[in-house]
Amino acid sequence: MTNPPDLRPDLSRAHLTEARRPGQPTIGMVSLGCPKALVDSERILTRLRAEGYGISPDYTGADAVIVNTCGFLDSAKAESLDAIGEALRENGRVIVTGCMGADPDHIRDHHPRILAVTGPHQYEQVLDAVHAAVPPAPDPFIDLMPAAGVKLTPRHYSYLKISEGCNHHCKFCIIPAMRGRLSSRPHRAVLREAEKLVESGVKELLVISQDTSAYGVDWPRADRPQGEQPITALARDLGCLGAGQDLWVRLHYVYPYPHVRELIPLMADGLILPYLDIPFQHAHPDTLKRMARPAHAERTLDRIAEWRGLCPDITLRSTFIVGYPGETEDEFQTLLDWMDEAQLDRVGCFQYENVEGAASNALPGHVPDEVKQDRWDRFMAKAQAISEAKLAAKVGQHMDVIIDDIDEDGIATCRTKADAPEIDGNLFIDEATQGLEIGQIVRVEVDEAGEYDLWGKRTA
Ligand code: SF4
């Protein structure tokens, strides 16, 4: 499971400042879904920009609109269909791509007027569809590309996609069916992209994929580094890009393999952030077995203790599913007890939902909605209490924060190393923020804590 529901950069707008030149063909983009889809949107826009297209921030200025859809949950599919309907109403010329594009008939049944449908990662086909709808008209003297391409995230952080697809068969997930088997980008290509991003002012790289710790295991043995996993070698090289300057490297979507341990010393040495986003999904061995996930929750507790021993500052974020088919009250209680032991710093939780095509739909013992809701409420109450206690313990500590925004009242919204953008909390500085800039990393002392956020004052 890799799509936190609150991580929805739907309203993404390309960060481009140039005005539209006369006669320039212009495309709008609505990007739904997870950060991986956002990276796809950036790639498409970068290619279009390189071909001379303008990028419109609204429907009316666009000659056609691309809707990059999310098909992960049925609710996300419904939202994607709504977004396509809105683009058709507001603009009328719509090209659909992304995860839902894997089922073009379903989309055409709802919206027969769309110009074209392409599936996930079919960059060339999306470009062909755009060329057919709005022919390019390049001007080599004007259409200069920013070195890092077009970005939909703020300039100081960027998602870096290192692989596509997944070799696991978690029963609730259709990503392997939609996106195929693991296919890792070459180490040098990822590093080159990261270098360009850093040169263009990016201060934080958010490493994403469907299964980050599996990076490179699809390569022939001879192409893999000796004595360590490809992800360890990549994480070290990314961390080294920041030598002598401020660069944060954050790993997302790490599957709980034993070799994750190799990454912890890099965190302890300060090469990459001491932050692990590792979806555990559940803690009861029977539930995990029915999910087709690794089923050794006690061993996971031992591993967590070992990671904390090697890197005491490590922040652990995870996601869980409650109300999975067959989940008994006992199994759920095991999950709550496990949470007491694991004391994870950041937690997201889904109520189980059937997804068309998922093997879990056919499992017996589907849990009634009101039981799912009750379990979700109890789980979140526990997670919130743990988060609150952990944040309260930070009051008085000194730490670095990165500034994401400064509003007109001078309040700076920042994040600590324990907070990923969009999904975790914030640290706010509400005084002495004159002269600070977005993207700057500054030192603060934490002076107040809430359930999910912190407040602090500058110390240097
Ligand atoms: S590990 Fe692969 S199959 Fe399992 S939830 Fe993640 S993407 Fe889906």
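Keep in mind that what you see is a predicted model, and the values were worked out from it rather than measured.

Focus on the sheet that holds strand E1 (residues 26–31)
Sheet architecture is open: five strands sit in the order E2-E1-E3-E4-E5, paired in parallel fashion. Looking at the sheet topology across the chains shown, the edges are occupied by strand E2 (54–56) and strand E5 (116–117). In the sheet, E1 pairs with E2 via three bridges, with the strands oriented parallel. Residue pairing in the sheet places Thr26 in a bridge with Gly54 of E2. Where helix H2 (residues 74–90) meets the sheet, it contacts E1, strand E3 (64–69) and strand E4 (94–98), and its direction lies at approximately 175 degrees from that of E3. On the sheet, helix H4 (residues 123–133) packs against E1, E3, E4 and E5 and is oriented at approximately 175 degrees with respect to E4.

A word on the UniProt feature "binding site: [4Fe-4S] cluster 2" (unreviewed entry) in the protein
On the UniProt side, "binding site: [4Fe-4S] cluster 2" (unreviewed entry) is annotated at positions that read Cys166, Cys170 and Cys173 here. Relative to the helices and strands, Cys170 is located in the loop between strand E7 (163–164) and helix H5 (175–179). Residue Cys170 is classed as buried on the basis of its 21 C-beta neighbours within 10 Å. If we ignore the near neighbours within four places in the chain, the residues touching Cys170 are Met291, Ala292 and Arg293. Along the polypeptide, Cys173 turns up in the loop between E7 and H5.

Description of the site of the ligand
The ligand sits among eleven residues. The nearest are Cys166, His168, Cys170, Cys173 and Ile175. Across the shell around the ligand, the residue classes tally to seven nonpolar, three polar and one charged.

Procedures and definitions
- Residues numbered from 1 in each chain as written.
- Predicted model: local features only at pLDDT ≥ 70, side-chain atom pairs only at ≥ 80, totals over all residues.
- Pairing = 2+ DSSP bridges.
- Helix = DSSP H or I, 4+ residues; strand = E, 2+ residues; numbered from the N terminus.
- Contact = placed C-beta atoms within 7 Å.
- Axes fitted to C-alpha atoms, helices over the stretch in contact; angles between N-to-C directions.
- UniProt positions renumbered as here; feature names shortened; annotations may be inferred.
- Buried ≥ 20, exposed ≤ 12 C-beta atoms within 10 Å, placed from the backbone.
- Near = placed C-beta within 6 Å.
- Nonpolar A, V, L, I, M, F, W, Y, C, P; charged D, E, K, R; others polar.

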